[in-house]
Every structure is written in structure tokens, then in C-alpha cells.
Amino acid sequence: GLVTALSAGSTNITYTVTGCGGPQSAFQALTVNANIGNPGTVTGTSPLCVGATATYTSTGDAGGTWSSTNPAVASVNPTSGLVTALSAGTTNITYTVAGPASSFQTLTVSPNVNAGTVTGTSPICVSTSTTFSSNGDAGGTWSSSNPAVATVNPTTGLVTAVSGGTATITYTISSGCGSPVSASAPISVASGAALTVSGAVNVCPFVGTPTTVTYTATSAGATGYNWVLPPNVTLVSGAGTSTITVTFAAGFTAQANKQIKVTASSICGTSAQTIYYLLAQFPSTPGAITGPTDACPLLGTSATYSIAPVVGASSYIWTAQAGTTIVPAGPGTLGNTVTITFPTSFTTSAVTVQAVNTCGTSGTRSLTIVRNNPSVPSLISGPTNACAHIAPGGTPATYTVPAVAGITTYTWTVPAGAIGLTGQGTNTISFTYPSGYTSGTVSVIATNGCGTSGSRSLTIGVLQPATPGVIDVAITTPCPNRVYTYSLPGLPVNATSILWAVTGGTILTGNGTSSITVSYPSTAVNGSVSAQAVSNCGVSTIRTIPVRLAACAVVPPPPPPPFAATGNEPVKGATAAADAMKVNVYPNPTTTDFKLQVITAGKEEISVRVLDMTGRFYKQLTIMPNQTINMGAELKAGAYMIEVKQAAAMKVIRVMKF
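Along each chain, residues carry numbers from 1 onward, in the same order as the chain's sequence is written. Totals for whole chains, interfaces and linings use all residues, but because this is a predicted model, local features are given only for residues with pLDDT of at least 70 and pairs of side-chain atoms are given and counted only at 80 or more. With hydrogens and water stripped out, all remaining heavy atoms of the structure feed into the side-chain values.

**Describing the state of the cysteines**
Logical step 1: What counts as a disulfide here is a pair of cysteine sulfur atoms lying within 2.5 Å. Applying the stated criterion across every chain yields a total of five disulfides.
Logical step 2: Note that Cys-387 is cross-linked by a disulfide to Cys-537, the S-S spacing being 1.8 Å. Negative torsions about the S-S bond denote left-handed disulfides, and the value of about -110° found for Cys-387 with Cys-537 makes this one left-handed. Linking Cys-387 in the loop between strand S35 (365-369) and strand S36 (397-400) with Cys-537 in the loop between strand S48 (525-535) and strand S49 (538-539), this pair joins segments that are 150 residues apart in sequence.
Logical step 3: Exposure categories follow from relative accessible area, calculated using a 1.4 Å probe and restricted to protein chains: below 20% of the type maximum is buried, above 50% is exposed, and the middle band is partly exposed. Residue classification places Cys-387 among the buried positions, given a relative accessible area of 2%. Secondary structure elements follow DSSP: runs of H or I no shorter than four residues count as helices, runs of E no shorter than two count as strands, and numbering proceeds from the N terminus.

Printed below as a string of C-alpha cells:
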């Protein structure tokens, strides 16, 4: 009767018996309830700032639902658990699974910090102080946008006026939710110093006209202004303010008093008076004229010329050579910028301008416009010997002249039959000379908008290669497999390669260059070595040297072994003596000289001979045992034998000099 619940639902558990009167049954109804889920433990960031987000998690069963007990404080995504802080306060973030069963974590949402509103006294006088304050959160820092005008204590907000001007006093909270936040208020510092005035100085264009002229006074912290105007000047607007407009009557020009006077009032009192001096005079001579001065690109077209506006000028007078057309252009109606059209007949002359106002006309400013016909191009750079550039085997020759500003085209004339000409129209060309070329010229002319230059020419010929220089000889490898090197001082003038010829030996390397290596047999040689310079135009005279080599010496067989004595007597003779003599030659090989030292127990003088690898004798000297000498500085590069002999002992050392 053991019952096992398998799933939620209802069932009858029945007991049945059999026998007489059977079967008989009885049952009990069974209800199986669903299991309650595990909500686990909820974790997540707390507190959060307003506007911040965080994802909450649970260690319980998956598939549950997230909710917030106070959605006005924080909302939560029911599936992902992403929490968004909305307003200051607390709420429970709850995770609910089947059962139902749930768990939660309390979230606190902190309010954002508030810098409040900054207030303080403004304006104040230089060298006085006032305290600025904020109704925001405490713990902030005060700063000034212009410490040269006003400084502020970063903790207390005490502002000290330093000089006249304006600044912004700022209160900043740098920590907490939503930080940094700031609030600020302006402050004006009155200096009480004399103020500055700006406006037209030369009023000639405005005298006797209804045109209003504006003047502005500047004084930091000023609360009012008192203007005093000279006769024949009428105030139109702005009395008591920093800016006024006035008109000038016709009599202003002749009167002596041309002064505008003004003072400023502030909490510091009345400033010193400022006098602004006016003029009614001729316009000044215009400044430099800007615009192109080379007429060549302009012929038949137009260009713009301008000057900086002249103070007080009402118009300008421009002139240019007859045949040109001048049109006022640019901003405004004063004509300080004009467009001038140049005819093709234009010659070198000046463009001029004068400034004009009701008082008169200024001096003249001029700019010379020059018509420059192109000059003859500079010298042509390029090969004057065509040999390396003649078809079919030659490479293209390149010719060039320095580029000159303003030149639009370079026209080249090249020898008839030139092949593959490129660069026509530019200052550089390339081409190949035709087969059979002997002489001719390359010429060029320059063209710009004014005309064409004279011609520049370069004579091009063909030059045969020069005869090779003296042939130098060096022994590279001695007998019996002897190899010699033959070299020229360099490639002859006008030559591109060297053609070598050898009798009695075999060229191993270098044919075509200025140096070859030749192998000779060990037998006697009676031959020659010749060199001939070659170019694309021909060959030179042949340079030849004779070769006379004796047969290599036959190396004798090694001596028989010494007679073996009976008993313990030592072996004597030349071989034993030679073994007892040690010869040191170093450095070997060398490029300068050798050091020679003979270490021996013998006391006799030592004979030293120097031979080449054919056995030819060069030099002999005598040294003492264990003495070190320098030798061989006078020897040419090659291989040599040094024969060292003391009494019956003799050794031969092979050395090399490069």
C-alpha cells in the first residue's frame, strides 16, 4: 500500500479482496499538490542614483518573474531583472517562482545632488569683498571665471574684487549622484577708472548729413553715463547710457572744439573724465593694393584688386591704362574692391586708387602690373653624348630646363627620327635617338600668355670610348693552380663595358667589367691579355700586355724517415732540427707588412729568403734566433713563400698579401 506521488492532480487509492462474496473493494481519494519552487537569494547593487541601472540576479530556479514594490522609485524588467532607478526612495526588488514562492532585496535610490541657486551682491568696487551663497547641497566648491577681475574663496564663497570687469562666480558639487553639477551668477566690478570710448574719429563723411554716428563708452560696473558734446553735434539717442547716437551739422568742420567728453557713475562714485578727439579731415592714403601683378595670365580676362577700407572714405577713385575696364565689386558701395579687365594690347603700367570723402581726396596708392614676355629658357641639362641612347640597344635620354613660374608651355625640337618622345609641353622630355644618329641639337622655347621666348639649344654628338688605361696584374692563387687578376684603373670615358681577350689562359670572371680573373696551367705560358672599351657607338683602341710565366716548380717528394737507432739514442738530422725550429709569421694574410719571429734553441744566424709562387727570388735577409722583425711592406699584393734556414734546419711558410 506504499503510495508515491508523481505529479499534481487527484486519484483514488483502492483496496480489493477476493473470496466468498467477493471481490469487495474500498478506496480513499488522494490529491497530489505541485511542488513549491525555490526563489533563491536576490542580489543587486544598492543604493543607485536616479537614472542609473543595474541587473539583479537570483540563485533560485530559472524562469521566475521580477517585480518592484514601488515602481515610482524603481522599475524592473520582469524577465531580465534590469532595474532602472526613477526617483529617490526605497523599494523591494522581488523574484517570484512557482508555488508561488519569492525572495527580495531592498533597493535604495539616492537623490541627485543639487547645486541650487547662486546669489550675491553685484556690482562691487575694486578692493572690496562680498560673500556669495547657494541654497543647494553643502560641500561644494567656489570658483571664478576671471580671477584677474574677482577671486573667490573655494570654501566660504567670499568674493574679492581685484580689477574692473566682469566674472562669473560658480558653485560646483563634484561628488554624489548626478555630479558634477554647477550653478553660477555674474559679478561686475566697478573700478572708478577713466572709461574707454569707441566710434568714428574722422567724421567728414557725416558732416552736414542726417546720418547718425554711434559712440560707445565702456566702464565695468558703471550704472550711468554723462556725455558732453561739442557745438554742432546733436544727441539723437542714448542719453545716460553707455551708447549714444549723434549727427554733425555743417559748421562742425570749421570749429576748434571737436571733443566728446564722458564720465561714468558707479557705486564707487564718478570716474575720471575721458575726452574723445574727433577729426574732420581728408581721408588718408589707401593701404597697399592686393591683386596679381603679372599681366600675362590676365590678357583678355579680368582680375580683382582691393584695398582695406579707409576710415572716413565715402568712395574711391580707381584708374588703369586706357583700354581696361574697371567695375566696382565686393561688399558695400564704397568700391574698395574692383574687377579690372585687361585687353590683349595691355603693356606694363600701374593701377591706382584714391580715397574720397566730403573733405576731399587722399593721396594716390599704385600697383604696377607688369607684362613680361618669357625669357629664353635656362641651360638644357642632359647627355651630350648620344651613344648610350641610340636605338636599338640604348636607353631613353632625358633633357630638362628649370621650370619658371608663369610659363604655360615648353615646346621642344628634337633630332629627326627620335623614338618615343614623352613630356612635350613640359620642362622635361625623354626620347631615344634613331639608329645611325651622328650629330644634331635639342632645343626648347617657352610660352606664356604674353608670347613666346627665344630658343635654347644643346648640341648632341657621338663620342667613341677612350682607350683603356694601364692594366694592373696581381697573383690571386699560386702554383700549381695559379690564378691572376687583371684590372684597369676604371671604366674608360664614354665606355659602357670592357671586352677582354686572353691567350694562354682562361677568363674565369669579370669579362665586361674593369677587372677579370684568369686561370693559367702549371706549364710555361707565353701569351697576352688585352682590353678594349665598348659603347653603343663602337669600340676603342686595344690595350695589350704580354704574359710570360715559367712552369711551376715540381715539389720534391718528402724525405725518407730518419734512420731508427737501436736502444734509447735520439734521432738526429735535418728533420729533427726543423721540428725543433718554430717559425711565426703574423698577421697572415696582411694588407701592410708581416712580423717574423724564429724560435730555436740554436745559436747560429738565420737566413730568410722571400720568393714568389713561381720560385722567383725577391729578397734575402739575416736575423738572430728569437728576434722579431717587420718585413714585406714593399711587396705587392699576391702570394709569396718565406724560406727560413738555420744550419741544417729549413722551413718554408706560405703568406698572402692583399
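**Here we look at the side chain of Ser-266**
Logical step 1: Position of Ser-266 relative to the elements: it lies in strand S26 (residues 259-266).
Logical step 2: The buried category is assigned to Ser-266, whose relative accessible area is 16%.

**Concerning the sheet that holds strand S56 (residues 638-646)**
Logical step 1: The strand order S54-S53-S56-S57 describes an open sheet built from four strands, whose pairing is antiparallel. The open sheet has two edge strands, strand S54 (617-623) and strand S57 (649-657), and neither has a second partner. Strand-to-strand twist in this sheet, taken as the mean axis angle between neighbours without regard to direction, amounts to 20°.
Logical step 2: Direction of pairing for strand S53 (residues 606-612) relative to S54: antiparallel, over a ladder of six bridges. Each pair of strands is called paired provided DSSP finds at least two bridges between the two strands. Lines fitted to C-alpha atoms define the axes, with helix axes restricted to the stretch in contact, and inter-axis angles between N-to-C directions lie between 0 and 180 degrees.

**Quick notes on the environment of Tyr-95**
Logical step 1: Structurally, Tyr-95 is set in strand S10 (residues 89-97).
Logical step 2: Residue classification places Tyr-95 among the buried positions, given a relative accessible area of 6%.
Logical step 3: Residues Tyr-95 and Gly-44 lie 51 residues apart in sequence; the distance between their C-alpha atoms is 12 Å.
Logical step 4: Contacts are residue-level and defined by heavy atoms, with any inter-residue pair within 4.5 Å sufficient. Every residue in contact with Tyr-95, bar those within four places of it in the chain, is listed here: Pro-39, Val-42, Ser-58, Asp-61, Ala-62, Gly-63, Gly-64, Thr-65, Trp-66, Ala-101, Ser-102 and Ser-103.
Logical step 5: Throughout this description, a polar contact denotes any pair of N or O atoms lying within 3.5 Å of each other; where both atoms belong to protein, one of them has to be capable of donating a hydrogen while the other can accept it, and for residues adjacent in sequence the pair is counted only when both atoms sit in side chains. Engagement of the side chain of Tyr-95 in a polar contact is seen with the backbone nitrogen of Gly-64, the distance being 2.9 Å.

**Some words on the confidence of the model for the protein**
Logical step 1: In predicted models, pLDDT denotes the confidence assigned by the predictor to each residue on a 0 to 100 scale. Here the protein shows a mean pLDDT of 90. Residues at 70 or above account for 95%.
Logical step 2: Per-element averaging of pLDDT across the protein places helix H1 (residues 574-579) at the bottom with 56 and S36 at the top with 98.
Logical step 3: For residues 561-574, every residue scores under 50 in pLDDT, and the model assigns this stretch five contacts once sequence neighbours within four places are set aside.

**Remarks on the pattern of salt bridges**
Logical step 1: A pairing counts as a salt bridge when a side-chain nitrogen of Lys or Arg comes within 4 Å of a carboxyl oxygen of Asp or Glu. According to the stated counting rule, one finds three salt bridges in the structure shown.
Logical step 2: In this structure, the salt-bridge partner of Arg-609 is Glu-643, at a minimum N-O distance of 2.9 Å. Residue Arg-609 is found in strand S53, and its partner Glu-643 is found in strand S56; the two are separated by 34 residues along the sequence.
Logical step 3: Looking at Glu-643, the relative accessible area reads 15%, which means it is buried.
Logical step 4: The partner of Asp-612 in a salt bridge is Arg-616, and the shortest N-O contact between them spans 3.1 Å.
Logical step 5: Judged by its relative accessible area of 2%, Asp-612 is buried.

**Observations regarding the sheet that holds strand S51 (residues 582-586)**
Logical step 1: Read from one edge to the other, the open sheet built from three strands follows the order S51-S52-S55, with strand pairing classed as antiparallel. Two strands bound the open sheet, and with one partner strand each, they are S51 and strand S55 (628-631). Neighbour to neighbour, the strand axes of the sheet diverge by 20° on average, direction disregarded.

**What to know about the packing of aromatic side chains**
Logical step 1: Side-chain rings of Phe, Tyr and Trp, where Trp is taken by its six-membered ring, are said to pair if the distance between their centres is within 6.5 Å; with planes under 30 degrees apart they count as stacked, over 60 as edge-to-face, and otherwise as tilted. Tallied over the entire structure, the rule returns eleven aromatic pairs.
Logical step 2: An angle of 45° between the planes, with centres 4.8 Å apart, marks the rings of Trp-142 and Tyr-171 as tilted. Remark: Tyr-171 occurs in strand S19 (residues 165-173) and Trp-142 occurs in strand S16 (residues 141-144); sequence separation between them is 29 residues. The pair formed by Trp-142 and Tyr-171 is uniform in burial state, with each residue classed as buried.
Logical step 3: Residues Tyr-433 and Tyr-437 carry aromatic rings whose centres are separated by 4.6 Å and whose planes lie at 45° to one another, so their mutual orientation is tilted. Neither residue differs from the other here; Tyr-433 and Tyr-437 are each classed as buried.
Logical step 4: A ring has a charge above it when a Lys NZ or an Arg CZ is no more than 6 Å from the ring centre and no more than 35 degrees off the ring normal. The ring of Phe-252 has Lys-258 lying over it, and the distance from NZ or CZ to the ring centre is 5.6 Å.

**Observations regarding the environment of Val-462**
Logical step 1: Along the chain, the position of Val-462 falls in the loop between strand S42 (456-460) and strand S43 (472-477).
Logical step 2: Put simply, Val-462 and Asn-494 are 32 residues apart on the chain and 9.3 Å apart in space, counted from C-alpha to C-alpha.
Logical step 3: If sequence neighbours within four positions are ignored, Val-462 has contacts with Asn-385, Ala-386, Cys-387, Ile-390, Tyr-437, Thr-438 and Cys-537.

**Overview of the side chain of Thr-324**
Logical step 1: Inspection of the secondary structure puts Thr-324 in the loop between strand S30 (315-319) and strand S31 (325-329).
Logical step 2: Exposure remark for Thr-324: the relative accessible area of 17% places this residue in the buried category.
Logical step 3: Ignoring anything within four residues of it in the chain, the contact list for Thr-324 reads Ile-340, Thr-341, Phe-342, Pro-343 and Phe-346.

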